[in-house]
Amino acid sequence: MFAVVRTGGKQYRVAAGDKIVVEKLDGEAGASITLGDVLLAGEGSELKSVEGLTVAAEIVAQAKADKVIVFKKRRRHNYRRKNGHRQNHTILKIVSVG
């Protein structure tokens, strides 16, 4: 069985046993979390009702993404700015759907 859940402004198609990387969620590694914003659910090509359906997940780790370099330059004005950014994210393991 699969489900489409929304968290952090993005949508993810998940099934039991999947690992996904989402925007930072509160909690320590090993903690259980429930994703309640289920948009779609089904099995194979058949869709099921999402009334009261939740997705249980376990936090695997809190991590940071790769560094993104932000470089700004204006020609002929001696203007250069270099910045780096690492976004925080959470790695989730889907325990069950339903």
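Worth saying up front: this structure is predicted, and the values here are computed from it rather than measured.

**Regarding the overall build of the protein chain**
- Along the protein chain, the regular secondary structure elements total zero helices and 10 strands.
- What you see in the protein chain, going N to C, is helices and strands ordered as β-β-β-β-β-β-β-β-β-β.
- Taking 98 residues into account, the globule formula puts the C-alpha radius of gyration at 13 Å, and the protein chain, at 19 Å, lies well above it.
- Structurally, the protein chain occupies a C-alpha span of about 60 × 30 × 20 Å along its principal axes.
- Of the roughly 6,900 Å² of accessible surface on the protein chain, 46% is carried by carbon and sulfur atoms.
- One finds the centroid of the 18 positive side-chain charges in the protein chain at a distance of 22 Å from the centroid of its 10 negative side-chain charges.

**Some details on the sheet that holds strand 4 (residues 32–35)**
- Strand order in the open sheet formed by four strands is 3-10-7-4, with antiparallel pairing between adjacent strands. Whereas interior strands pair on both sides, the edge strands pair on one side only; in this sheet they are strand 3 (19–23) and strand 4. Strand-to-strand twist across the sheet, computed as the mean angle between neighbouring axes with direction ignored, equals 45°.
- Bridge analysis of strand 3 against strand 10 (residues 88–97) gives five bridges, and the strand direction is antiparallel. What sits directly across from Val-22, in strand 10, is Thr-90.

**As for unusual backbone geometry**
- For Arg-76, which is not glycine, the phi dihedral falls at a positive 60°.
- The topology assignment puts Arg-76 in the loop between strand 8 (68–74) and strand 9 (79–85).
- A relative accessible area of 73% places Arg-76 in the exposed class.
- Even without a glycine there, the phi angle at Asn-78 is positive, about 55°.
- Looking at where Asn-78 falls in the secondary structure, it is placed in the loop between strand 8 and strand 9.

**What to know about the sheet that holds strand 6 (residues 46–48)**
- Strands sit in the order 2-1-5-6 across an open sheet of four strands; the sheet is antiparallel. Both outer strands of the open sheet, strand 2 (10–15) and strand 6, are each paired with one neighbouring strand and no more. The sheet shows a mean angle of 30° between the axes of neighbouring strands, taken without regard to direction.
- In this sheet, strand 2 lies alongside strand 1 (residues 2–7) in antiparallel orientation, the contact comprising six bridges. Paired with Phe-2 across the two strands is Ala-15, which belongs to strand 2.

How each quantity is defined
Counting starts from 1 at the beginning of each chain's written sequence and moves along it residue by residue. Since the coordinates come from a predicted model, pLDDT governs what is reported: local features require at least 70, and pairs of side-chain atoms require 80 or more to be given and counted, while whole-chain, interface and lining totals use all residues. Side-chain figures throughout are based on the complete set of non-hydrogen atoms in the structure, without hydrogens or water. Strands are runs of DSSP state E lasting at least two residues, helices are runs of H or I lasting at least four, and both sets are numbered from the N terminus onward. Only C-alpha atoms enter the radius of gyration, while the globule expectation follows 2.2 Å times N to the 0.38, with N the number of residues. Surface accessibility in these figures is a Shrake-Rupley result with a 1.4 Å probe; residues are shielded only by whichever protein chains are displayed. The charge count treats Lys and Arg as positive and Asp and Glu as negative. His and the chain ends do not count. Each charge is placed at NZ for Lys, CZ for Arg, CG for Asp and CD for Glu. Two strands qualify as a pair provided DSSP detects at least 2 bridges between them. Lines are fitted to the C-alpha atoms to define the axes, a helix being fitted only along its stretch in contact, and any angle between axes, read from their N-to-C directions, falls within 0 to 180 degrees. The buried label goes to any residue with under 20% of its type's maximum accessible area, the exposed label to any with over 50%, and the partly exposed label to all in between, with areas taken from a 1.4 Å probe on protein chains only.

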